[in-house]
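# Structural features, examined
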Number of protein chains: 2
Amino acid sequence: MELLKNRIRKDALVLDEHILKVDQFLNHQMDIRLINEIGKEFKRRFQDHNITKIITIEASGIGIACIAAQYFDYVPVIFAKKSKSVNIEGDVYCVEVQSYTQNKEYNVILSKKFLNEKDTVLLIDDFLANGCALSGLIQIVKEAGANLAGAGIVIEKTFQDGGKLIRESNVKVESLVKVRSLKGNVVEFED
Amino acid sequence: MELLKNRIRKDALVLDEHILKVDQFLNHQMDIRLINEIGKEFKRRFQDHNITKIITIEASGIGIACIAAQYFDYVPVIFAKKSKSVNIEGDVYCVEVQSYTQNKEYNVILSKKFLNEKDTVLLIDDFLANGCALSGLIQIVKEAGANLAGAGIVIEKTFQDGGKLIRESNVKVESLVKVRSLKGNVVEFED
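So, a few notes on the structure that sits alongside this text. No experiment lies behind these values; they were computed from the predicted model shown.

Rules used throughout
- Residues numbered from 1 in each chain as written.
- Chains lettered and ligands numbered in written order.
- Predicted model: local features only at pLDDT ≥ 70, side-chain atom pairs only at ≥ 80, totals over all residues.
- Heavy atoms only, no water.
- Helix = DSSP H or I, 4+ residues; strand = E, 2+ residues; numbered from the N terminus.
- Rg over C-alpha atoms; globule rule 2.2 N^0.38 Å.
- Contact = heavy atoms within 4.5 Å.
- Least-squares fit on C-alpha atoms with pLDDT ≥ 70 in both.
- Buried < 20%, exposed > 50% of the residue type's maximum accessible area, 1.4 Å probe, protein only.
- Right-handed = clockwise from strand over helix to strand, strands pointing away.
- Pairing = 2+ DSSP bridges.
- Core = buried A, V, L, I, M, F, W, Y, C linked by side-chain atoms within 4.5 Å.
- Buried area = accessible area lost by both parts, 1.4 Å probe.
- Nonpolar A, V, L, I, M, F, W, Y, C, P; charged D, E, K, R; others polar.
- Axes fitted to C-alpha atoms, helices over the stretch in contact; angles between N-to-C directions.
- Left-handed = near helix turned anticlockwise from the far one by under 90°.
- Patch = residues over 30% accessible without salt bridge, like charges linked within 9 Å, V, L, I, M, F, W, Y side chains within 5 Å.
- Areas by Shrake-Rupley, 256 points an atom, 1.4 Å probe, with all protein chains shown as cover.
- Salt bridge = Lys/Arg side-chain N within 4 Å of Asp/Glu carboxyl O.
- Phe/Tyr/Trp six-rings, centres within 6.5 Å; stacked < 30°, edge-to-face > 60°.
- Lys NZ or Arg CZ within 6 Å of the ring centre and 35° of its normal.
- Parallel < 35°, antiparallel > 145°, perpendicular 65-115°, else oblique.

## Looking at the overall build of chain A
From N to C terminus, chain A includes five helices and 11 strands. Against the globule reference of 16 Å for 191 residues, chain A gives a C-alpha radius of gyration of 16 Å, in line with a compact fold. In terms of principal-axis extent, the alpha carbons of chain A reach across some 45 × 35 × 30 Å. Taking contacts inside chain A between residues at least 6 apart in sequence as the whole, the part at least 24 apart equals 61%.

Structure follows, in structure tokens:
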């Protein structure tokens with residue numbers, strides 16, 4: 001997605017070899033026009049699936065998922081909650097996830113009543129790196145017996161192996177931009 | 001807002017005298033059509049202000065703010081981050097806030113580069129009860145020297161005093177629905 005590559009070239013900051021800061025337009029301040037274009041592009045890539053629910057995880061995926069849902073005939077968005085402690089309440093799916101960047105574990109929690117085997121789910125998130133959060137969401141969709149259409153990711157860091165591993169498990173992953181390196185403070189995109 | 005009152009009557013759960021659970025349509029699963037109507041109503045109530053930024057706080061305000069921003073000529077949304085520990089990084093506004101419901105303190109953090117005295121800000125959140133989070137956001141807008149148009153709230157619990165106190169400080173607070181009591185498992189709205 002050329003529009004997004006150009007925006008990254010213009011406004012993203014490379015903090016180190018692993019961290020690309022996009023707080024100018026994506027995950028602190030949000031450019032709503034850009035995110036509408038992102039939503040349209042997700043629709044283009046998943047138009048042949050009959051999506052009934054979009055699922056994301058708090059917090060930075062929520063705005064993207066809500067805007068995108070408008071292009072999928074206003075399907076409901078569910079955002080999974082994060083919890084650092086084991087805190088199962090009511091009838092919920094709860095998957096423990098290892099955060100590599102923060103070096104701690106947390107739970108991904110979603111109420112069972114919002115997901116069932118009649119649903120076809122699109123997962124949406126801002127970043128894909130080691131894929132821990134996304135793997136947790138995939139596990140929940142499988143536990144619910146729902147159909148998984150795939151995952152729409154805004155920025156994938158292909159020098160980390162989350163995308164590779166998840167694609168190998170036969171999940172369709174569509175990343176709008178793929179970053180292969182941040183070395184030397186330079187953003188290099190996949191061709 | 002009659003549409004919202006009817007939805008609360010139909011799908012909200014009263015957990016106790018203080019807690020109204022709206023996870024069916026607002027803050028876990030999100031009804032994107034309803035939230036578009038909410039966005040239009042915020043626009044109607046703040047149409048005479050020249051809003052340049054919408055600010056909310058993670059996590060459940062983000063989707064509402066992003067959808068609403070489309071009706072304010074796609075102004076940028078900034079979501080303030082919560083942090084339980086003192087964690088000031090870079091040049092940020094950081095206000096400590098007391099959470100009454102969770103009985104602990106947390107920080108509300110917003111990067112200084114995204115807010116200045118030329119901005120006119122609309123604050124948006126899903127709930128207003130004791131007003132702690134909203135007061136934190138108001139303090140940040142004032143520190144930045146920005147103009148505060150007011151706050152757009154989806155559901156205000158008027159049996160708690162946040163709305164009263166904030167209005168007494170001359171901030172315009174527009175709540176789409178006002179709940180005056182949850183006693184006896186019944187939702188009573190203000191007239």
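There is more to say, and it comes next.
## Examining the relation of the copies chain B and chain A
Turning one copy of the chain about an axis and sliding it along that axis gives the other copy, so a rotation and a shift relate them. Least-squares fitting of chain B to chain A yields an RMSD of 0.0 Å, with the superposition described by an axial translation of 0.0 Å and a rotation of 180°. Considering both components of the superposition, the chain copies are consistent with a two-fold axis. No C-alpha of chain B lies nearer the rotation axis than that of G63 of chain B, which sits 2.3 Å from it. Taken as a fraction of all interface residues of chain B, those also at the interface in chain A reach 100%, which identifies the copy contact as same-surface.

## Some details on the pairing of strand β9 (residues 147-157) of chain A
If a strand is regular, its side chains alternate between the two faces of the sheet. Residue and element names in this part refer to chain A. The element β9 is largely enclosed, with a buried count of nine among its 11 residues. Assessed by its sense of winding, the connection that carries the chain from strand β8 (residues 120-128) through helix α4 (residues 132-143) to β9 is right-handed. Inspection of the sheet shows β9 paired to strand β10 (residues 173-181) by six bridges, in the parallel sense. Counterpart to K157 in the pairing with β10 is V179.

## A short note on the nonpolar core
With 80 residues, the main nonpolar core has L4, I38 and I54 of chain A together with I38 and I54 of chain B as its most contacted residues. Other than its neighbours up to four places away in sequence, I54 of chain A contacts A65, A68, A69, F72, V75, P76, V77, I78, L122 and I124 of chain A.

## Considerations on the interface of chain B and chain A
Counting residues at the interface gives 34 residues for chain B, matched by 34 residues for chain A. Carbon and sulfur atoms supply 58% of the area that chain B and chain A bury against each other, a total of about 2900 Å² over both sides. Elements with a minimum of two residues in the side of chain B that touches chain A: β3 (29-30), α2 (32-45), α3 (62-69), β5 (77-83) and β7 (104-111) of chain B. By residue class, the composition of the side of chain B that touches chain A is 17 nonpolar, nine polar and eight charged. By the bridge criterion, two bridges tie strand β5 (residues 77-83) of chain A to β3 of chain B in an arrangement that is antiparallel. The residue of β3 of chain B that forms the bridge with V77 of chain A is M30 of chain B.

## Notes on the packing of helix α1 (residues 2-11) of chain B against α2 of chain B
How two helices sit against one another is set out by the angle between their axes and by the gap between those axes. All names here are of chain B. Between α1 and α2, the shortest axis-to-axis distance is 10 Å and the interhelical angle comes to 145°. Two packed elements cross with a definite hand, and for α1 against α2 that hand is left-handed. The segment α1 lies against α2, with L3, L4 and R7 engaging L34, E37 and I38. When grouped by side-chain class, the residues that make up the contact of α1 with α2 number four nonpolar, no polar and two charged.

## Regarding a nonpolar patch on the surface
On the surface, a nonpolar cluster with roughly 270 Å² of combined accessible area is contributed by L13, L15 and I19 of chain A. Mapped onto the fold, L15 of chain A is located in the loop between β1 (13-14) and β2 (20-21).

## Details of the pairing of β10 of chain A
All names here are of chain A. The handedness of the β9 to β10 crossover, carried by helix α5 (residues 162-168), is right-handed. Bridging between β10 and strand β11 (residues 188-189) involves two bridges; their strand directions are antiparallel. Residue pairing across strands places S181 opposite E188, the latter belonging to β11. The hairpin turn running from β10 into β11, its antiparallel successor, is six residues long, and G184 in that turn takes a positive phi close to 65°.

## Some points on the packing of aromatic side chains
What the rule picks out here adds up to zero aromatic pairs over all chains. For the cation-ring pair, K172 of chain A lies above F46 of chain A, with the distance from its terminal atom to the ring centre recorded as 4.6 Å. Residue placement shows K82 of chain B over the ring face of Y106 of chain B; its charged tip is 5.4 Å from the ring centre.

## Focus: the pattern of salt bridges
All names here are of chain A. Taken as a whole, this structure holds 32 salt bridges over all chains when the rule is applied. With its nearest N and O atoms 3.0 Å apart, the salt bridge here joins E37 to K40. With E37 and K40 both in helix α2 (residues 32-45) and three residues apart, this pair spans about one turn of that helix. Judged by its relative accessible area of 40%, K40 is partly exposed. For K112, the salt bridge goes to D91, with nearest N and O atoms at 4.0 Å. Here the residue K112 occupies a position in the loop between β7 (104-111) and β8, and D91 occupies one in the loop between β5 and β6 (92-99), the gap between them amounting to 21 residues. Look at K112 and you get partly exposed, because its relative accessible area is 33%. You can call D91 exposed: its relative accessible area is 55%.

## Some thoughts on unusual backbone geometry
Residue and element names in this part refer to chain A. Cis geometry is adopted by the peptide bond preceding A59, which originates at E58 and carries an omega value of 0°. For Y74, which is not a glycine, the phi torsion comes out positive at approximately 60°. Counting through the fold element by element, Y74 comes out in the loop between α3 (62-69) and β5. Assessed through its relative accessible area of 30%, Y74 is described here as partly exposed.

## A few points about the packing of α2 of chain B against α3 of chain B
Residues and elements named next belong to chain B. Two elements in contact, α2 and α3, have axes whose closest approach is 8 Å; the angle formed by their N-to-C orientations is 60°. Considered as vectors, α2 and α3 are oriented oblique to each other. You can see that α2 and α3 cross each other, and the crossing is right-handed. Seen from α2, the contacting residues are I32, I35, N36, I38, G39 and F42; seen from α3, they are G63, I64, I67 and A68. Taken together, the residues of the contact of α2 with α3 break down into seven nonpolar, three polar and no charged.

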